[in-house]
Amino acid sequence: MNISVITSDDLDYIEFSRLQQEAFADVPGQKERLLIQTPDYYRWKYNTPAGKAKIALARIDGELVAANAMFPLTISAGPTRIPGWQSCDTATLPKARGKWLFSKCLHELKLVLGQDDFFFGYPNKNSESGFRKFKWVTIDQLNFYLFAGLGKASKGAIVCLNDRLDCFAPQFKGFMTDDTVAIERSYEFLNWRYLSHPVYTYQIFGYIEREQLLGYIVLRKVRFSHVKFGLILECWALQDTVRTSLYKFAEKWSSRNGCHATMLLAINNPIKASLTARLIKVPERLTPRKFLLMGDVQPIRHLQENREWVAFAGDWDGF
């Protein structure tokens, strides 16, 4: 057996896609997965504004039997910026399971990280225990919320930014406040994450007042248990009234697009006290899965002091 770590420039995307398809062939939801288990999807995902992905490949007698990848992002913590690496696309062929290849691939990826790099991810129920053995801890949990439609809105204009995102490029980082830790939002990140996505269609709307961007929201349509929802991928604003206006707009957008309700997936921490009355938490048993943010917190322990994590559905690569 041989395990090597390569960059996305050296990845055989056709071989890698076949591994993903075969490894998950017996798992429900194959029709949806096949939309993203393609060379074009991985080429997009593994070439981020922060750099190239790194992929650990496990081979037995030359055959690719397992893999794990991580792609780079920038983590913002007040004035500090550090490299972050999000774990993803863990796959092992059925015939190679039971050989600890998941842990071995993770170990090889960690060896190529810098001392201050933050390694993190959103494991499913199958990989959670493996990450805990890898000394990852739970940082927080993302929960689903339904917006109740109450609260005072502001009077600014809400417009689609898809065709003019670059006009507001200098303003996006202004939503990253000193008391939060999050994946840094920037024009480059938003353009890559949403507008360049090879499979899903997103709409980015901005709250504009006096030609200033005071907040924005990202939306797409999803189905859970045959019910169509408008999903808020992320929403950033410095004022509660602006955020409420964006939520109200999301409800109208969802209704116009034939959705039954508007959902938000976020960590509890960014839900300010003045907003909690307008967000109804969905019981975990009614959600499609548990969304844990886990990682190796040693490199960021000093950054978390007096700061709260902010994370949304758009931070996870599954929506």
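Residues numbered from 1 in each chain as written. Predicted model: local features only at pLDDT ≥ 70, side-chain atom pairs only at ≥ 80, totals over all residues. Heavy atoms only, no water.

*Asks:* I'd like a rundown of the overall build of the chain, residues and numbers included.
*Replies:* What the chain contains, in helices and strands, is 8 helices and 17 strands. Scaling as 2.2 N^0.38, a compact globule of 319 residues should have a C-alpha radius of gyration of about 20 Å, and the chain matches this with 20 Å. Viewed in the frame of its principal axes, the chain has a C-alpha envelope of about 65 × 45 × 35 Å. Residue burial in the chain is summarised as follows: out of 319 residues, 52% are buried. Across the chain, every contact between residues at least 6 apart in sequence was considered, and the portion connecting residues at least 24 apart equals 74%. Just so you have it, the chain exposes about 14,900 Å², and 49% of that area is on carbon and sulfur atoms. Separation of charge centres in the chain, based on 41 positive and 33 negative side chains, amounts to 7 Å. (Helix = DSSP H or I, 4+ residues; strand = E, 2+ residues; numbered from the N terminus. Rg over C-alpha atoms; globule rule 2.2 N^0.38 Å. Buried < 20%, exposed > 50% of the residue type's maximum accessible area, 1.4 Å probe, protein only. Contact = heavy atoms within 4.5 Å. Areas by Shrake-Rupley, 256 points an atom, 1.4 Å probe, with all protein chains shown as cover. Lys, Arg positive; Asp, Glu negative; His and termini not counted. Charge placed at Lys NZ, Arg CZ, Asp CG, Glu CD.)

*Asks:* Give a description of the pairing of strand β4 (residues 54–60) that names residues and reports values.
*Replies:* Taken together, the 6 bridges between strand β1 (residues 2–7) and β4 define a ladder with antiparallel strand orientation. Its bridge partner lying in β4, T7 is registered against K54. When β4 meets strand β5 (residues 63–77), the two strands line up antiparallel, connected through 7 bridges. By the bridge assignment for β5, L57 is matched with A67. The antiparallel pairing of β4 with β5 creates a hairpin that spans 2 residues between the two strands, and D61 there sits at a positive phi of about 55°. (Pairing = 2+ DSSP bridges.)

*Asks:* Explain unusual backbone geometry to me, using residue names and the numbers behind them.
*Replies:* With phi around 55°, D89 is a residue other than glycine that occupies positive phi space. Looking at where D89 falls in the secondary structure, it is placed in strand β6 (residues 80–92). Of note, the phi angle at E211 is positive, near 65°, even though the residue is not glycine. Considering the arrangement of structural elements, one finds E211 in the loop between β11 (203–209) and β12 (212–224).

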